[in-house]
Amino acid sequence: MAQTVRNKVAWVVFVFLAIGIGLYPLVYVFASDDFGVLLSKSADVLSSPVWKIAFYGHIVFGGVALLVGWSQFSKKLRSKRLKLHRNLGKVYVASALISGLCGVYLGFFATGGMVSSIGFISLGVIWLFTTSRAYIAIKNKDLSLHQGMMIYSYAACFAAVTLRIWLPVLTMVFGEFLLAYKIVAWLCWVPNIIFAQIWVKRKGINLV
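All values derive from a computational prediction rather than experimental measurement. (Residues numbered from 1 in each chain as written. Predicted model: local features only at pLDDT ≥ 70, side-chain atom pairs only at ≥ 80, totals over all residues. Heavy atoms only, no water.)

Peer 1: Give me the overall build of the protein chain: which residues, what numbers.
Peer 2: Along the backbone of the protein chain there are 11 helices and zero strands. When its helices and strands are written in sequence order, the protein chain yields α-α-α-α-α-α-α-α-α-α-α. On C-alpha atoms alone, the protein chain measures out to a radius of gyration of 17 Å, which is about the 17 Å that the 2.2 N^0.38 rule sets for 208 residues. Along the longest, intermediate and shortest principal axes, the C-alpha atoms of the protein chain span 50 × 40 × 35 Å. Taking all 208 residues of the protein chain together, the buried fraction comes to 40%. Across the protein chain, every contact between residues at least 6 apart in sequence was considered, and the portion connecting residues at least 24 apart equals 70%. Charged side chains of the protein chain number 20 positive and 5 negative; the gap between the two group centres comes to 26 Å. (Helix = DSSP H or I, 4+ residues; strand = E, 2+ residues; numbered from the N terminus. Rg over C-alpha atoms; globule rule 2.2 N^0.38 Å. Buried < 20%, exposed > 50% of the residue type's maximum accessible area, 1.4 Å probe, protein only. Contact = heavy atoms within 4.5 Å. Lys, Arg positive; Asp, Glu negative; His and termini not counted. Charge placed at Lys NZ, Arg CZ, Asp CG, Glu CD.)

Put into structure tokens, the structure is as follows:
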């Protein structure tokens, strides 16, 4: 009974965070260049049309991926509304691939230099790889591989949530945004991927 309650609470928190951060990009639509991560960017970067397209492509489609991706883990949706599950899955894959590609590009301009760049580029590559594998697997009717790769894919996607949890905490701990940002470039996704690996193993999913 207690385990069931904990699972339900965890699910509610998971969905709440996914939806909340999924809607967060709307703030940038109404904000100027002196808001959020834009504050740490140089005038040259902010004046680049390519960078701006990549930035808004990343946060908007990443937001969509967060908003629809959690639903793919709902057993009720898969069993009772399979067509909706598949359609939302297609939206997730398309959004993740666009956001991931934009994210890899943005990684080269990450605040904090090489440490941050490698962290965010690695995240983007992992997101693109696992999402592509998940899509190809389901097209090949390999349900097990599809489920496993979707777990990894959404773990990478969920870095948008964990980044916003860790960054203010680390900034307060170190009293410095730049150091906190360098650390969070890795901390926002590495534990997520480790958690995904544990989850996949517990479910007995074979990814070979």
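Peer 1: Hey, could you go over helix H8 (residues 143–157) for me, with residue numbers and the actual values?
Peer 2: Helix length check: H8, at 15 residues, gives a terminal C-alpha distance of 20 Å against a target of 21 Å (1.5 Å per residue), a fit within 8%. With respect to burial, H8 is a largely interior element, 12 of its 15 residues being buried. Among the residues of H8, those classed as buried are Leu145, His146, Gly148, Met149, Met150, Ile151, Tyr152, Ser153, Tyr154, Ala155, Ala156 and Cys157. (Expected span 1.5 Å × (residues − 1).)

Peer 1: An account of the packing of aromatic side chains is requested, with residue identities and associated values reported.
Peer 2: Note on aromatic pairs: each is described by the distance of the centres and the angle between the planes. Enumeration according to the criterion identifies 15 aromatic pairs in this entry. Where Phe120 meets Tyr181, the ring centres are 5.6 Å apart and the plane angle is 50 degrees; that geometry is what we call tilted. Residue Phe120 is located in helix H7 (residues 114–139), and its partner Tyr181 is located in helix H10 (residues 177–187); the two are separated by 61 residues in the primary sequence. A single burial state applies to Phe120 and to Tyr181, both of which are buried. A connected cluster of aromatic rings, assembled from ring pairs, spans Trp11, Phe14, Trp70, Phe73, Tyr92, Tyr154, Phe158, Phe195 and Trp199. (Phe/Tyr/Trp six-rings, centres within 6.5 Å; stacked < 30°, edge-to-face > 60°.)

Peer 1: Which residues make up unusual backbone geometry, and what are the values?
Peer 2: Residues other than glycine seldom take positive phi values, yet Lys141 does so here, at roughly 60 degrees. Structurally, the position occupied by Lys141 is in the loop between H7 and H8. With a relative accessible area of 76%, Lys141 lands in the exposed category.

Peer 1: A description of the nonpolar core should follow, citing residues and the corresponding values.
Peer 2: For soluble globular proteins, the rule of thumb is that nonpolar side chains tend to be buried together. Grouped together as the largest cluster of nonpolar side chains are 40 residues, with contacts concentrated most on Leu66, Tyr92, Phe120, Tyr154 and Cys188. Breaking this core down by element, the ones donating at least two residues are helix H1 (2–23), helix H4 (49–69), helix H6 (82–107), H7, H8, helix H9 (159–174), H10 and helix H11 (190–202). Among all residues touching Tyr92, those that are not within four sequence positions of it are Ala65, Val68, Gly69, Trp127, Thr131, Met150, Ser153, Tyr154 and Cys157. (Core = buried A, V, L, I, M, F, W, Y, C linked by side-chain atoms within 4.5 Å.)

Peer 1: Describe the packing of H7 against H8, and please don't skip the residues or the numbers.
Peer 2: Packing of H7 against H8 leaves a shortest axis separation of 8 Å and a crossing angle of 155 degrees. The angle between H7 and H8 falls in the class roughly antiparallel. The hand of the H7/H8 crossing is left-handed. On H8, the residues that touch Leu123, Trp127, Thr130, Thr131, Arg133, Ala134, Ala137 and Ile138 of H7 are Leu143, Leu145, His146, Met149, Met150, Tyr152, Ser153, Ala156 and Cys157. (Axes fitted to C-alpha atoms, helices over the stretch in contact; angles between N-to-C directions. Parallel < 35°, antiparallel > 145°, perpendicular 65-115°, else oblique. Left-handed = near helix turned anticlockwise from the far one by under 90°.)

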